[in-house]
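One letter stands for each residue in the lines below.
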Amino acid sequence: MRILLVDADDDLLSWLGEELGARGFEVLQTQTGDGGLYLYKKNSPFELVLSDFRLIPRQKTKDGVQLLTAIYTINPLQQTAIMTSDANEDRGKLPQALR
C-alpha cells in the first residue's frame, strides 16, 4: 500500500516516512504542495494522501487545502487527510466541507 506524505517540516516528514515504511507501507514524500501534486499525477492512486495544512507557498499550491482540492479534481475518490499543529487556529481557515 502506498502513501503520499507532504509536509514542510523535514524532521517530521522523515520520521513519518520511516515509521510508515517500517509498517510495510511504500511512502513517497515531498516538502511542497507542488511537489505533492507532481508525485500524485505521476504515481496515483495512493491508499492515502496525508498533507500538512501549512506548506511553503509555491506556484500551484499555497497550502494543504489547495493541494487536496487539486487532487480531488483529479480523483474525487482519493482518500485524503490533513494534519496541523494548531487545530484551533487552522480549523477556521478550512472550507466548510472539510470541517
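Residues numbered from 1 in each chain as written. Predicted model: local features only at pLDDT ≥ 70, side-chain atom pairs only at ≥ 80, totals over all residues. Heavy atoms only, no water.

**Regarding the environment of Leu-39**
Right, on to step 1. By the secondary structure assignment, Leu-39 is in helix 2 (residues 33-43).
Right, on to step 2. Take Leu-39: its relative accessible area is 17%, and that puts it in the buried class.
Right, on to step 3. In sequence terms Leu-39 and Leu-28 are 11 residues apart; their C-alpha atoms lie 7.8 Å from each other. (Helix = DSSP H or I, 4+ residues; strand = E, 2+ residues; numbered from the N terminus. Buried < 20%, exposed > 50% of the residue type's maximum accessible area, 1.4 Å probe, protein only.)

**Some remarks on the pairing of strand 3 (residues 48-52)**
Right, on to step 1. Of all 5 residues making up strand 3, 4 are buried, and the element is well covered by its neighbours.
Right, on to step 2. Judged from the 4 bridges that link them, strand 1 (residues 2-6) and strand 3 form a sheet pairing that is parallel. Bridge pairing links Leu-4 to Val-49 in strand 3.
Right, on to step 3. Pairing geometry for strand 3 and strand 4 (residues 80-83), over 4 bridges, is parallel. Counterpart to Ser-51 in the pairing with strand 4 is Ile-82.
Right, on to step 4. You can see the chain leave strand 3, run along helix 3 (residues 64-74) and come back into strand 4, and the turn it takes is right-handed. (Pairing = 2+ DSSP bridges. Right-handed = clockwise from strand over helix to strand, strands pointing away.)

Nothing here speaks to function; it is all geometry.
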